[in-house]
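# Results of the structural survey
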Amino acid sequence: MTPNTSEAARGAAAARRPVLRVLGGEALSPPPAWMMRQAGRYLPEYREVRAQAGSFLDLCYNPDFATEVTLQPIRRFGFEAAILFSDILVVPHALGQDVRFVEGEGPRLDPLAGQAEFDALRGPDDPAVMGRLAPVFETVSRLRAGLPDATTLLGFCGAPWTVASYMIGGRGTPDLAPSRALGARDPALLDALIDRLVSVSIEYLARQCAAGADAVQIFESHAGALPAVPEGETGDALARWSLRPIARIVAGLRARAPGVRIIVFARGSGLDGHARVVAETGADAVGVDWAVDLAALRARLPAGTVTQGNLAPETLIAGGDALDAAVDAIRAATAGTPHVFNLGHGITPQTPIAHVERMLDRLRR
C-alpha cells in the first residue's frame, strides 16, 4: 500500500476499534482493555503451545505458534487489543548478538563489553537484519487476518536504552550497573549503540505496521535506572538515552507509517518522568506503571493526554475486594479522559484466570 492509502486505512479502522479511538483522544466508558504479557504462562493453552515450540526464540520466530498464542487471550477474554507475541531481544539477535533463553532464569546474551563487540554487530542496512525478523512480520499479517475487526493489533519494540542494557550486561540486572558504567566510561560508544538501535527499531516497527499493526508500544522497561547516570553537557540522562532516542523512533515511524498510534511505557521513571513522556517523545499515549499515582499524574497532564495502565499485577493476583477497589479507583481517576485499561507491568504466571475475569467484569459493568 502507498503511505496515503495506509493512512486512510488506519483512519477507517480507528472508527471501528475502541483502543484506536482512545489513542486518538476519545474518552470511552468503560475504557477498552488489554494486558501486557496477556499471552503467557498463566494460560494453560499457552503452556501447551510453549511445550511444542522448543526454545522460546523458536516460539517467537514460528508464525504458526506465535499467531496462536497471541489469539488465545482474545478468544478467552475478549480484550479490545491483541499485542504481537514476540520479545524485545529479537532485535539484538537480528543484529548478530548471541541470544538464548535459560528456563527459569531468563535471557542470556554474550555481553557487549566494548568497541570490538559493537563492531561485530550487523549494520542497520544489512539485509540479514530484517531477514531474520521476517517471521515476525508474517505473524503480524496472519494476526490482522485472524482477529475480530473491532480488535486493535499492537506491534512493539524495546526502547533503545532498555535493549542496550541487555546487550551490554548480558542479562537483566537489578541496577543496570554495566550499562551505567559504560555510559560513564565511554558515552560515545553507548550513543553509537543507541543510534544503531534507533535505526533498526524504526525499520522494524514500520514493517510491523505495513504488515497490519494498527498501533505500537515502545517498552522502556528500565527507565528507572537512568536518573543514576551522571548528567553531562547534553542534559539529563533520561532525556539523552531514553526520551530523545524514543522521539527519533516516533518521528521516523510516523514518516514511514502516517497515522500510526504510538504508546510509550517508561517504567520506573516516576511521576516526573511519566509527565514528560508525551511532551518529549511525541507519542500519542503514556503507559503508566503501577507505582505512579494515576490521579496525580492526570492532574499534571494536559486534559486530552491519553493514559494507559496502572493496575498493579500483585493486586490482580490478590483478587477479591482489593481488585474491585483498584479497578474502581482507576475508573475514577480517568473519568472523562481518554484511557486504555491495562496493568502497570506484565501479568505474572501465578495470576488466577478467575481474577482476570473478575477484573474485566468489574470494568465492563
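Residues numbered from 1 in each chain as written. Predicted model: local features only at pLDDT ≥ 70, side-chain atom pairs only at ≥ 80, totals over all residues. Heavy atoms only, no water.

Moving on, we come to the overall build of the protein. Looking only at helices and strands, one finds 18 helices and 9 strands in the protein. Whereas a compact globule of 365 residues would reach a radius of gyration of roughly 21 Å, the protein reaches 19 Å, a difference of no more than 12%. Oriented by its inertia axes, the alpha-carbon framework of the protein measures out at about 55 × 45 × 45 Å. Within the protein, the fraction of its 365 residues that count as buried is 57%. For the protein, restricting intrachain contacts to residue pairs at least 6 apart in sequence, the fraction spanning at least 24 positions comes to 72%. (Helix = DSSP H or I, 4+ residues; strand = E, 2+ residues; numbered from the N terminus. Rg over C-alpha atoms; globule rule 2.2 N^0.38 Å. Buried < 20%, exposed > 50% of the residue type's maximum accessible area, 1.4 Å probe, protein only. Contact = heavy atoms within 4.5 Å.)

The next point concerns the nonpolar core. Ile218, Val356 and Met359 are the most contacted members of the largest nonpolar core, which has 126 residues in total. With 13 residues, the top contributor of residues to this core is helix 12 (residues 187-211). Discounting residues that sit within four places of it in the chain, Met359 has contacts with Met35, Leu311, Leu316, Leu323, Val327 and Phe341. (Core = buried A, V, L, I, M, F, W, Y, C linked by side-chain atoms within 4.5 Å.)

What follows covers the packing of helix 10 (residues 160-169) against helix 11 (residues 177-185). Contact geometry for helix 10 and helix 11: axes closest at 8 Å, N-to-C directions at 100°. Classified by the angle their axes make, helix 10 and helix 11 are roughly perpendicular. In this structure, helix 10 contributes Trp161, Ala164, Ser165, Ile168 and Gly169 to the contact, and helix 11 contributes Pro178, Ser179, Arg180 and Leu182. A class-by-class count of the residues in the contact of helix 10 with helix 11 yields 5 nonpolar, 3 polar and 1 charged. (Axes fitted to C-alpha atoms, helices over the stretch in contact; angles between N-to-C directions. Parallel < 35°, antiparallel > 145°, perpendicular 65-115°, else oblique. Nonpolar A, V, L, I, M, F, W, Y, C, P; charged D, E, K, R; others polar.)

Here we come to the packing of aromatic side chains. Any aromatic ring pair is given by two values, namely how distant the centres are and how the planes are angled relative to each other. Enumeration according to the criterion identifies 9 aromatic pairs in this entry. Both rings, one in Phe56 and one in Phe85, keep their centres 5.8 Å apart while their planes meet at 70°; by these two values the pair is edge-to-face. Of this pair, Phe56 sits in helix 4 (residues 56-61) while Phe85 is found in the loop between strand 1 (81-83) and helix 6 (90-94), placing the two residues 29 residues apart along the sequence. Residue class for Phe56 comes out buried when judged on its relative accessible area of 13%. Ring plane angle 55° and centroid distance 4.7 Å describe the contact between Phe56 and Phe101, whose orientation is recorded as tilted. (Phe/Tyr/Trp six-rings, centres within 6.5 Å; stacked < 30°, edge-to-face > 60°.)

Another aspect to go through is the pattern of salt bridges. Taken as a whole, this structure holds 28 salt bridges when the rule is applied. When the shortest N-O distance is used, the salt bridge between Arg142 and Asp64 registers 2.3 Å. With a gap of 78 residues between them, Arg142 in helix 9 (residues 134-146) and Asp64 in helix 5 (residues 63-77) connect regions that are remote in the sequence. Within the structure, one salt-bridge network assembled from shared partners comprises Arg16, Arg17, Arg144, Asp149 and Asp214. (Salt bridge = Lys/Arg side-chain N within 4 Å of Asp/Glu carboxyl O.)

The residues that UniProt annotates with the feature "site: Transition state stabilizer" (unreviewed entry) are Asp87. Among the secondary structure elements, Asp87 is positioned in the loop between strand 1 and helix 6. Looking at Asp87, the relative accessible area reads 17%, which means it is buried. Leave out the neighbours within four places in its chain, and Asp87 touches Phe56, Cys60, Phe101 and Phe156. Separated by 2.8 Å, the side chain of Asp87 and the backbone nitrogen of Leu89 make a polar contact. (UniProt positions renumbered as here; feature names shortened; annotations may be inferred. Polar contact = N/O pair within 3.5 Å; in protein donor to acceptor, adjacent residues only side chain to side chain.)

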